[in-house]
Amino acid sequence: MLGKLAATAALLVSLPLGLATAVGAQGAATGCRPLTSSGPVGSLDAQQAGNARLIVAVGQQRGVPERGLLVALMTAMQESTLRNLDYGDRDSLGLFQQRPSVGWGSPAQLLDPAYAAAAFFGGPGSPTGNLGLLDVASWEQMPLTLAAQAVQRSAFPDAYARWEAPARAWLAEILDRPGLDTGTCSPTTTTGTAAVVIAEAARWLGTPYVWGGGNADGPTEGIGQGAGAVGFDCSGLTLYAYAQVGVTLPRTSREQWGVPGLRIRSLADLQPGDLVFFATNPADPATIHHVAISLGSDAMIHAPTTGEAVQITTAISENAYWAGQFIGGLRIMR
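(A) Looking closely at the layout of surface pockets. Considering only enclosed or pocket space, the largest pocket measures out at about 590 Å³ in volume. Looking at the largest pocket, it is lined by 22 residues, and the ones nearest its centre are Gln97, Arg99, Gln152, Arg153 and Ser154. Within the residue set of the lining of the largest pocket, elements represented by two or more residues are α5 (66-80) and α8 (144-152). Broken down by element, the residue count for the lining of the largest pocket peaks at three residues, all from α8. A per-class count over the lining of the largest pocket returns 10 nonpolar, seven polar and five charged. In this model, the second largest pocket occupies a volume close to 410 Å³. In this structure, the second largest pocket is lined by 23 residues; those nearest its centre are Tyr209, Trp211, Cys234, His289 and His290. Those elements that place two or more of their residues in the lining of the second largest pocket are α11 (234-243), α12 (253-257), β5 (288-296) and α13 (320-325). Examining the composition of the lining of the second largest pocket, we find that three residues originate from one element, β5, more than from any other. Looking at side-chain class alone, the lining of the second largest pocket contains eight nonpolar, 11 polar and four charged residues.

Encoded structure:
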């Protein structure tokens, strides 16, 4: 697998355009023009440009949409400045600073840029058993930084955002696509307070739902039926995420409904970072039982119920349970 990926990536980078089209048919199917010959990419030096082109080549070979290529470039720039590092935090290595100790691969594999890129993208035929970008449910509907964080689980989840604009320019140049817009089918990029709120909630994807769990510092032991376990309930997660931007929310979902802000009356009007509320009787706020954080584009991140974990739910308006209990949203004004 490793040799095949490396050979394919090198071939796509180096072949003339016409021949690369024939060799890279799978990449062409994504709507991208196959890669042209190697050369400068913006202000990147030769090593960085070569690694950027290789990442895109591996992504195209694996059928990754352009938005995924953008996420990969942003991630690699933040993690390694697009350099194949043989060192990092703890045992992190390579372009994406993946760790052998948590199952990404052997040190030799992670120092092969083609392997590292394939592991980051994941999906069918992934060289690792770890979760890659294509394995993340509804990653194309996520803000770019959240998609990166879903794979990397970084201690600094909002750091990827700084590379969005440069990465767009690099990708456009690599694909010879002036004016490339990889966000036309996805939510508007989230910035500012909303981006931090979402990124902080996303840090805890996969954390168990625990009744009464969660405070401004993170997951806690629950109470009542949640006693003895550590995690978040729905309002504990929202309380935590908003605390990271200096907003103090009350503890329960019904209390959070009463916080001053702009009321949102329809699912279609929700913006990233808005609180989303659900009630047994949508006409009666006293029956509110759940709160989530909107990701925009009919998606939310939340801690649903006992036996589940912090997760992303998409197509809310098409879900009879959630749409039927939607009572409104709240945009907290700062």
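(B) Seen up close, the nonpolar core. Residues Ile55, Phe96, Phe121, Leu275 and Ile301 are the most contacted members of the largest nonpolar core, which totals 81 residues. With sequence-adjacent residues up to four places away left out, Ile55 is seen in contact with Ala72, Leu73, Ala76, Leu82, Leu95, Phe96, Ala117 and Phe121. One finds Leu270, Val276, Ile316 and Phe326 within the second-largest nonpolar core, a separate group that totals 10 residues.

(C) Geometry of unusual backbone geometry. Despite not being glycine, Arg90 shows a phi value in the positive range, around 50 degrees. Looking at the secondary structure, you find Arg90 in the loop between α5 and α6 (107-110). The class for Arg90 is exposed, based on a relative accessible area of 64%. Its identity as a non-glycine residue notwithstanding, Ala315 has a phi of 50 degrees, on the positive side. Relative to the helices and strands, Ala315 is located in the loop between β7 (311-314) and α13.

(D) Representation of the packing of aromatic side chains in the model. Counted according to the given criterion, the structure contains nine aromatic pairs. Ring centres of Phe120 and Phe121 lie 5.8 Å apart, and the angle between their planes is 70 degrees; this geometry places the pair in the edge-to-face category. Residue Phe120 shares its accessibility class with Phe121, and that shared class is buried. A centroid spacing of 5.7 Å and a plane angle of 65 degrees characterise the contact between Trp204 and Phe232, whose relative ring orientation is edge-to-face. A residue pair is termed long-range when its members are at least 10 positions apart, and Trp204 in the loop between α10 (192-202) and β1 (220-221) and Phe232 in the loop between β2 (230-231) and α11 qualify at 28 residues. In this structure Phe232 comes out as buried when scored by relative accessible area, which is 0%. Each residue in the set Phe278, Tyr321, Trp322 and Phe326 is aromatic and connected to the rest through ring pairs, giving one cluster. Positioned above the aromatic ring of Trp257 is the side chain of Arg263, whose terminal nitrogen or guanidinium carbon lies 4.2 Å from the ring centre.

Conventions adopted
- Residues numbered from 1 in each chain as written.
- Predicted model: local features only at pLDDT ≥ 70, side-chain atom pairs only at ≥ 80, totals over all residues.
- Heavy atoms only, no water.
- 1 Å grid on protein atoms, 1.4 Å probe; cavity = no way out; pocket = protein on both sides within 12 Å on 5 of 7 lines; lining within 4 Å.
- Points joined across faces, edges and corners; volume = space filled by probe spheres on them.
- Helix = DSSP H or I, 4+ residues; strand = E, 2+ residues; numbered from the N terminus.
- Nonpolar A, V, L, I, M, F, W, Y, C, P; charged D, E, K, R; others polar.
- Core = buried A, V, L, I, M, F, W, Y, C linked by side-chain atoms within 4.5 Å.
- Buried < 20%, exposed > 50% of the residue type's maximum accessible area, 1.4 Å probe, protein only.
- Contact = heavy atoms within 4.5 Å.
- Phe/Tyr/Trp six-rings, centres within 6.5 Å; stacked < 30°, edge-to-face > 60°.
- Lys NZ or Arg CZ within 6 Å of the ring centre and 35° of its normal.

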